[in-house]
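Chain by chain, the residues run as shown.
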Number of protein chains: 2
Amino acid sequence: MNNKQIQEQRMRGYFMQAAKEMLKGEGLRSLNVRSIAQQAGYSFATLYNYFKDVKELVFLCVNDFQEECETEIMLKAKDTPAGTERIKAITKAYIGYFVQYPSIFNLFFIERLGDIGQKQPTAALIYTFLDRLCLHDWDYCLQNTEKEEKEIAIIKQELNYVSCGMLLFYMNRIQPSDYTEFTETVNIQVDAIVARVLQPNS
Amino acid sequence: MNNKQIQEQRMRGYFMQAAKEMLKGEGLRSLNVRSIAQQAGYSFATLYNYFKDVKELVFLCVNDFQEECETEIMLKAKDTPAGTERIKAITKAYIGYFVQYPSIFNLFFIERLGDIGQKQPTAALIYTFLDRLCLHDWDYCLQNTEKEEKEIAIIKQELNYVSCGMLLFYMNRIQPSDYTEFTETVNIQVDAIVARVLQPNS
DNA sequence: CCAATATACTGAACATTGTTAATTATATTT
DNA sequence: AAATATAATTAACAATGTTCAGTATATTGG
């Protein structure tokens, strides 16, 4: 990487850090080109020398957030025994992360990063995020339970859909209306779904 | 209702019909005050004589759509035998309606109708929509299976969350990538969840 | 039926946003 | 140090939601 590339990367970094701070705080609503640039210490027009448009900037923030999210979750779940217990821990930490940063939830699941060319890969990345986090543990379950791959796949999907469904209702509609009740619901649902891995086949 | 109220209601109707047509067609993205008013045959400023702001107009459209949705679903499911079979039919019709009108899905589940005062009631209305559609059939299950109310409640919730999770991924991320695969996933998930009502308790 | 008043409608204008293009400032090279 | 290339900024445009003062229309009292 030559000097020019290093400097460019640095400049992108300034804008991205500004955007990321604002996203974590105020969220996407209050994010605009002028405020990002001001926070970064440049004119709004300068931003366009380093990003195609504001969507590209936001898209790059999503990637950073996903890494951060993964790190945080794995740290939280690392002492949990492999298998169903860790799947539950990871899933709850996953949900917890998005509750902590609602604007990142929006970015990941709600906002259509629309007309960006890289849309499709990003979509897949998000869609399979929880599955990737639990990959080892699902493998462990496959090895150590009587459930077959097909059944595991359905349960895995279900966990994914329920997690994001609960988040959607809680974040967007504030339903359940308080956090205590929400975590209760999360516990009940996640436990119920994962428990099915250990239930005897009927 | 006096003459003035009748006329006001009629005017609101013109704008709402215009907005509803555009919402069903192009969706929320292309909806703007000027185009709604043009479609309705008035100036954009006239709109503000009948609605506080464009959010109020859209909010009223949501209500109309919900009624329409309910009618369509109940018509589709009316010949299905009560209980689990009808729950499945209703849920699939419910999902189908939103696939047919993605912008209504957005309106219902994604868009925060935000700063509107009537937010809370609307949220509850949406949150409990599927449950209300299936109300009689869940009661039927409670009467005719060995499952208790508590267990039924969990399954009901799960169905709600999974439905909206699947929709979210399919609508917003186009995942699964084609409609055939999507309906397959819907069938598998819905059938699996509802089937649990009939499974013997372990 | 006409004038006075109330009501309804409209265009002009403003604020906020993303974006582009031309101009100015800065750095690099010869 | 001058010429050139690069970077950053200001000015401006377009789309959108919203407000307000003016104009057209309807209603009412004589």
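Just so you know, these numbers come straight off a predicted model, no measurement behind them.

Colleague: Can you help me understand the protein's contact with DNA strand C in this one?
Modeller: Near DNA strand C, the surroundings consist of 18 residues, among which Asn 32 and Val 33 of chain A together with Ala 45, Thr 46 and Tyr 50 of chain B are the closest. Within 4 Å of the protein, atoms of DNA strand C come from sugar and phosphate in 53% of cases. Contact distances for DNA strand C include 2.8 Å between a phosphate oxygen and a backbone N or O atom of Val 33 of chain A. A distance of 2.9 Å separates a phosphate oxygen of DNA strand C from a polar backbone atom of Ser 43 of chain B. Elements with a minimum of two residues in the surface near DNA strand C: α2 (33–40) and α3 (44–47) of chain A together with α3 (44–50) of chain B. When residues of the surface near DNA strand C are assigned to their parent elements, the largest contribution, 5 residues, is made by α3 of chain B. In terms of residue class, the surface near DNA strand C is built from 11 nonpolar, 4 polar and 3 charged.

Colleague: What exactly am I supposed to notice about the relation of the copies chain A and chain B here?
Modeller: Copy one and copy two of the chain differ by a rotation about an axis and a translation along that axis. When chain A is brought onto chain B, the operation consists of a screw motion whose angular component is 180° and whose axial shift is 0.0 Å, with 0.1 Å RMSD remaining. Accordingly, the operation relating the two chain copies is best matched by a two-fold axis. Both copies share a contact surface, since 98% of the interface residues of chain A are interface residues in chain B too.

Colleague: Sorry if this is basic, but what is going on with the nonpolar core here?
Modeller: In summary, soluble globular proteins display a tendency toward joint burial of nonpolar side chains. One finds Phe 108 and Phe 109 of chain A together with Phe 108 and Phe 109 of chain B to be the most contacted residues of the largest nonpolar core, which totals 126 residues. Each residue touching Phe 109 of chain A, except ones within four places of it in the same chain, is listed here: Tyr 94, Phe 98, Ile 126 and Cys 164 of chain A together with Leu 168, Phe 169, Asn 172 and Arg 173 of chain B.

Colleague: How should I be thinking about the interface of chain A and chain B in this particular structure?
Modeller: When the parts come together, some accessible area is lost, and that loss is often what is quoted as the size of the interface. Contacts between the two partners involve 40 residues from chain A, matched on the other side by 39 residues from chain B. For the pair chain A and chain B, the summed buried surface comes to about 3600 Å²; carbon and sulfur atoms form 57% of the total. A salt bridge links Glu 158 of chain B to Arg 196 of chain A; the nearest nitrogen and oxygen atoms lie 3.3 Å apart. At the surface where chain A touches chain B, the tally comes to 10 residue pairs in polar contact (both at pLDDT 80 or more). For the side of chain A that touches chain B, the element with the highest residue contribution is helix α10 (residues 149–173) of chain A, accounting for 14 residues.

Colleague: Can you help me understand the protein's contact with DNA strand D in this one?
Modeller: Taken together, 18 residues are adjacent to DNA strand D, and Ser 43, Thr 46 and Tyr 50 of chain A together with Val 33 and Arg 34 of chain B come closest. Taking all atoms of DNA strand D within 4 Å of the protein, the share assigned to sugar and phosphate is 53%. Within the side chain of Asn 49 of chain A, an N or O atom sits 3.5 Å from a base nitrogen of DNA strand D. Between Tyr 50 of chain A and DNA strand D, the recorded distance is 2.5 Å, taken from a side-chain N or O atom to a phosphate oxygen.

Colleague: Which parts of the structure should I look at to understand helix α6 (residues 102–110) of chain A?
Modeller: Helical geometry note: an α-helix holds 3.6 residues per turn, so side chains three or four residues apart project in the same direction. Summarising burial for α6 of chain A: 8 of the 9 residues are buried, a large majority. Listing the buried residues of α6 of chain A in full gives Ser 103, Ile 104, Phe 105, Asn 106, Leu 107, Phe 108, Phe 109 and Ile 110 of chain A.

Colleague: Honestly, the pattern of salt bridges in this entry has me stumped. Any pointers?
Modeller: Two side chains with opposite charge may pair up if their charged atoms get near one another. Within the structure shown, the criterion is met by 18 salt bridges over all chains. Bridged by salt links that share partners, the residues Glu 158 and Arg 196 of chain A together with Glu 158 and Arg 196 of chain B form one connected network.

Colleague: Honestly, the environment of Asn 106 of chain B in this entry has me stumped. Any pointers?
Modeller: Here Asn 106 of chain B shows up in helix α6 (residues 102–110). Distance in space between the C-alpha atoms of Asn 106 of chain B and Gly 27 of chain B is 8.8 Å, their sequence separation being 79 residues.

Colleague: Which parts of the structure should I look at to understand the packing of aromatic side chains?
Modeller: By convention here, two paired aromatic rings are described through the distance between centres and the angle between planes. Residues and elements named next belong to chain B. In the structure shown here, the tally under the stated rule is 38 aromatic pairs over all chains. Relative to Phe 105, the ring of Phe 98 lies with its centre 6.0 Å away and its plane at 65°, an arrangement referred to as edge-to-face. The burial state of Phe 98 is the same as that of Phe 105; both residues are buried. The interplanar angle of 65° and the centroid separation of 5.6 Å between the aromatic rings of Phe 98 and Phe 108 together place this pair among those described as edge-to-face. With Phe 98 in helix α5 (residues 84–100) and Phe 108 in helix α6, this pair connects stretches of sequence that are 10 residues apart. Accessibility expressed as a relative area gives 0% for Phe 98, which makes it buried. Accessibility expressed as a relative area gives 0% for Phe 108, which makes it buried.

Colleague: I'm lost on the domain arrangement of chain A in this one. Help?
Modeller: Residues and elements named next belong to chain A. When its domains are assigned, chain A resolves into domain 1 (1–51) and domain 2 (59–195). Taking the mean C-alpha position of each, domain 1 and domain 2 sit 29 Å from one another. With both sides pooled, the region where domain 1 packs onto domain 2 buries about 900 Å², and carbon together with sulfur makes up 75% of that total. By the criterion of area lost to domain 2, the three top residues of domain 1 are Lys 20, Lys 24 and Leu 28, representing 60% of everything that side buries. Taken together, the connections running from domain 1 to domain 2 amount to 2 salt bridges.

Colleague: For this particular structure, what's the right way to read the packing of helix α4 (residues 54–77) of chain A against helix α5 (residues 84–100) of chain A?
Modeller: Packed helix pairs are specified by the crossing angle of their axes together with the interaxial distance, meaning the distance between the axes. Residues and elements named next belong to chain A. Running from N to C, α4 and α5 cross one another at 135°; their axes reach a closest spacing of 9 Å. Judged by the inter-axis angle, α4 sits oblique to α5. Like other packed secondary-structure pairs, α4 and α5 cross with a definite hand, here right-handed. Here α4 contributes Phe 65, Glu 68, Cys 69, Glu 72, Ile 73, Met 74, Lys 76 and Ala 77 to the contact with α5, which in turn contributes Arg 86, Ala 89, Ile 90, Ala 93, Tyr 94, Tyr 97 and Gln 100. Of the residues belonging to the contact of α4 with α5, the class tally is 10 nonpolar, 1 polar and 4 charged.

What counts and how
- Residues numbered from 1 in each chain as written.
- Chains lettered and ligands numbered in written order.
- Predicted model: local features only at pLDDT ≥ 70, side-chain atom pairs only at ≥ 80, totals over all residues.
- Heavy atoms only, no water.
- Near = heavy atom within 4 Å.
- Polar contact = N/O pair within 3.5 Å; in protein donor to acceptor, adjacent residues only side chain to side chain.
- Helix = DSSP H or I, 4+ residues; strand = E, 2+ residues; numbered from the N terminus.
- Nonpolar A, V, L, I, M, F, W, Y, C, P; charged D, E, K, R; others polar.
- Least-squares fit on C-alpha atoms with pLDDT ≥ 70 in both.
- Contact = heavy atoms within 4.5 Å.
- Core = buried A, V, L, I, M, F, W, Y, C linked by side-chain atoms within 4.5 Å.
- Buried < 20%, exposed > 50% of the residue type's maximum accessible area, 1.4 Å probe, protein only.
- Buried area = accessible area lost by both parts, 1.4 Å probe.
- Salt bridge = Lys/Arg side-chain N within 4 Å of Asp/Glu carboxyl O.
- Phe/Tyr/Trp six-rings, centres within 6.5 Å; stacked < 30°, edge-to-face > 60°.
- Domains from an automatic or database assignment.
- Axes fitted to C-alpha atoms, helices over the stretch in contact; angles between N-to-C directions.
- Parallel < 35°, antiparallel > 145°, perpendicular 65-115°, else oblique.
- Left-handed = near helix turned anticlockwise from the far one by under 90°.

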